[in-house]
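Architecture at a glance
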Amino acid sequence: MPGMEERWEHHTRGPLLMLAVAFGVAYAVPIVAPGADRWVHSACTAVEWVVWGAFAVDYLVRLVLAPARWHFVRRHPLDLLAVLLPLVQPLRLLRVVATLLLVGRRARMAPQVTLTTYVAGAVVGLMMFGSLAVLHVERDAPEGNIRTLGDAVWWSFTTMTTVGYGDHAPTTGLGRVLAVGLMLSGIALLGVVTANIAAWFISRFERDDAQERRQTALLEALTEEVRQLRAEVGRLSEHAVLPQETAVPAGDRSPA
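Just so you know, these numbers come straight off a predicted model, no measurement behind them.

**As for the overall build of the protein chain**
Secondary structure assignment for the protein chain yields eight helices and zero strands. Taken from the N to the C terminus, the helices and strands of the protein chain come in the order α-α-α-α-α-α-α-α. When each of the 256 residues of the protein chain is scored for burial, the buried share is 30%. At a minimum sequence separation of 6, the contacts of the protein chain that also span at least 24 residues come to 63%.

**A look at the pattern of salt bridges**
Considering all chains together, one arrives at two salt bridges under this definition. Across the pair Asp58 and Arg62 runs a salt bridge whose closest N-O atoms are separated by 3.2 Å. Separated by four residues within a single helix, Asp58 and Arg62 lie in helix α2 (residues 38-65), roughly one turn from each other. Just as Asp58 is buried, Arg62 falls in that class too.

**Looking at the nonpolar core**
Grouped together as the largest cluster of nonpolar side chains are 23 residues, with contacts concentrated most on Tyr27, Trp155 and Met160. Broken down by secondary-structure element, the contributors of at least two residues to this core are α1 (4-32), α2, α6 (115-138), α7 (149-160) and α8 (173-239). A total of eight residues in this core trace back to one element, the largest contributor, which is α6. Once residues within four sequence positions are removed from consideration, Met160 is found in contact with Val123, Leu126, Met127, Leu182, Gly186, Ile187 and Leu190. Within the second largest apolar cluster, eight residues are counted, among which are Trp52, Tyr59, Leu63 and Val83.

**A word on unusual backbone geometry**
The backbone of Thr162 shows a phi angle near 60°, a positive value even though the residue is not glycine. Relative to the helices and strands, Thr162 is located in the loop between α7 and α8.

**So, the packing of α7 against α8**
Direction vectors running N to C along α7 and α8 enclose 55°, while the axes themselves pass 8 Å from each other. Between α7 and α8, the angle is such that the two are oblique. The segment α7 lies against α8, with Trp155, Ser156, Thr159 and Met160 engaging Ala179, Leu182, Met183, Gly186, Ile187 and Leu190. Class assignment of the residues belonging to the contact of α7 with α8 gives a composition of seven nonpolar, three polar and no charged.

**Looking at α7**
Helix length check: α7, at 12 residues, gives a terminal C-alpha distance of 16 Å against a target of 16 Å (1.5 Å per residue), a fit within 8%. Looking at α7, one finds that the buried residues are Ala152, Trp155, Ser156, Thr158, Thr159 and Met160. Trailing α7 by a residue or two, Thr162 shows a phi angle of about 60°, which is positive.

So, how was this worked out
- Residues numbered from 1 in each chain as written.
- Predicted model: local features only at pLDDT ≥ 70, side-chain atom pairs only at ≥ 80, totals over all residues.
- Heavy atoms only, no water.
- Helix = DSSP H or I, 4+ residues; strand = E, 2+ residues; numbered from the N terminus.
- Buried < 20%, exposed > 50% of the residue type's maximum accessible area, 1.4 Å probe, protein only.
- Contact = heavy atoms within 4.5 Å.
- Salt bridge = Lys/Arg side-chain N within 4 Å of Asp/Glu carboxyl O.
- Core = buried A, V, L, I, M, F, W, Y, C linked by side-chain atoms within 4.5 Å.
- Axes fitted to C-alpha atoms, helices over the stretch in contact; angles between N-to-C directions.
- Parallel < 35°, antiparallel > 145°, perpendicular 65-115°, else oblique.
- Nonpolar A, V, L, I, M, F, W, Y, C, P; charged D, E, K, R; others polar.
- Expected span 1.5 Å × (residues − 1).

Function cannot be inferred from these measures alone, as they are strictly geometric.
So this is what it looks like as structure tokens:
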């Protein structure tokens, strides 16, 4: 029977993931539409903090429900780091990092989320958040050349895939820090994606080979059974005794 911590995680997994989606929207809107009304920016900032607060409450509840609290803290260092990051310096980029860490932890705990789905979602999420973050930092830089969302997405894609055409590049210190993080994360995630694709093909080939071997074995078994039936029918035909009736001519019959 699952404990209280497992039941809490089971019931809160879906709502927290939905809150993470709301965080992504709230983070993207002020960057994509910088000319929006001030109340829109304030509402988005409030949503970001509410989402972070929900994850922080979730961590505290799981800490209270854990049988061994110190063991729980040591077993979930990234969760604690993600909760504390926005308190150290309340920058929007730190809240992005914190939320990505917490969402990643939640997705890994979900049994219905396969590794491939999680990694693919992490790649897309990292590319989009990286694009928004570098656009937010570089758009107003005097020597910056990443001015639009399209430029930022293109830069993130070429950076994560290590192509690096050089047509777009960050010029600020924070932008370059983001670039380093995106490079390292992109190499790791794309390596996992490549390994999963290769493993899928290998498992598919092995499954096809196993099915072909089973079909071959079944055909051989049926062939052997038919051969045995034919041999049995031949033996029965050789040993069968056919009854013969002796006929008496009518003229040879005499009365008693």
